[in-house]
Amino acid sequence: MDTAKVKHRRFRARIAENKSLDLAYRITVGVVGTVVLVLGVLAIPYPGPGWLIVFAGLGILASEFAWAKSALRFVRKRYDAFMAWFSKQSMFVKGLGVLFTTVVVLATLWLLGTFALVGGWIGLEWTWLESPI
């Protein structure tokens, strides 16, 4: 792992020598990191790696921006504390967590029009399946 860090530092130092290239690199890292972060935030309520994507986005941003490095530490600490707390809760509280997550997923799928789309594929044209937005 140390050799990878050394190679990355050398690579980054070569880029930093050229101001235009350095600015382009930082902008690219900022855009890519922000896109990954936003996708992660959108994926949080859904089954899958939502938080992993958030941490990846913050990690990308943290490679160039100090604010992102501190945000990554803050979010990781809060996430770990919440998960430790949640794992110690009763089945009732865990069930409420599953219920809340399910409601959020179903509500967003409905708002995005997914139910009407899929219903149309199988011939269900019910008006309540359509998104209100």
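Residues numbered from 1 in each chain as written. Predicted model: local features only at pLDDT ≥ 70, side-chain atom pairs only at ≥ 80, totals over all residues. Heavy atoms only, no water.

Some words on the packing of aromatic side chains
Aromatic ring pairs are described here by two measures, namely the spacing of the ring centres and the angle between the planes.
Stage number 1. On inspection of all chains with the given rule, the structure shows nine aromatic pairs.
Stage number 2. With centroids separated by 5.7 Å and ring planes inclined at 20 degrees, the aromatic side chains of F82 and F86 adopt a geometry described as stacked. Of this pair, F82 and F86 both sit in helix α4 (residues 66–87), four residues apart, which is roughly one turn of that helix.
Stage number 3. Joined through ring pairs, the aromatic side chains of W51, F55 and Y79 make up one cluster. (Phe/Tyr/Trp six-rings, centres within 6.5 Å; stacked < 30°, edge-to-face > 60°. Helix = DSSP H or I, 4+ residues; strand = E, 2+ residues; numbered from the N terminus.)

Digging into the pattern of salt bridges
Stage number 1. Summed over the entire model, instances satisfying the criterion amount to three salt bridges.
Stage number 2. Between D22 and R12 there is a salt bridge, with the nearest N and O atoms lying 2.5 Å from each other. With a gap of ten residues between them, D22 in helix α2 (residues 19–43) and R12 in helix α1 (residues 2–16) connect regions that are remote in the sequence. Here D22 and R12 have matching classes, each one buried.
Stage number 3. For R12, the salt bridge is made with E64, and the minimal N-O distance between the two is 2.6 Å. Separated by 52 residues along the polypeptide, R12 in helix α1 and E64 in the loop between α3 (50–62) and α4 bring together distant segments of the chain.
Stage number 4. The class for E64 is buried, based on a relative accessible area of 12%.
Stage number 5. Residues joined in a network through salt bridges with shared partners are R12, D22, R26 and E64. (Salt bridge = Lys/Arg side-chain N within 4 Å of Asp/Glu carboxyl O. Buried < 20%, exposed > 50% of the residue type's maximum accessible area, 1.4 Å probe, protein only.)

Overview of the UniProt feature "transmembrane region" (unreviewed entry) in the protein chain
Stage number 1. UniProt annotation of "transmembrane region" (unreviewed entry) refers to residues 21–44, 50–75 and 96–122 when read in the numbering used here.
Stage number 2. From the first C-alpha to the last, residues 21–44 spans 34 Å; its make-up is 96% helix and 0% strand. (UniProt positions renumbered as here; feature names shortened; annotations may be inferred.)

Details of the side chain of R12
Stage number 1. Overall, the relative accessible area of 14% leaves R12 in the buried class.
Stage number 2. Setting aside residues up to four positions removed in sequence, R12 forms contacts with D22, Y25, R26 and E64. (Contact = heavy atoms within 4.5 Å.)

What about the nonpolar core?
Stage number 1. If you look at the biggest cluster of nonpolar residues, it comprises eleven residues: I15, Y25, V29, V54, F55, L58, L61, A62, F65, A68 and L72.
Stage number 2. Elements supplying a minimum of two residues to this core: α2, α3 and α4.
Stage number 3. Top element by residues in this core is α3. It accounts for five residues.
Stage number 4. In contact with I15, other than residues within four places in its own chain, are L21, D22 and Y25. (Core = buried A, V, L, I, M, F, W, Y, C linked by side-chain atoms within 4.5 Å.)

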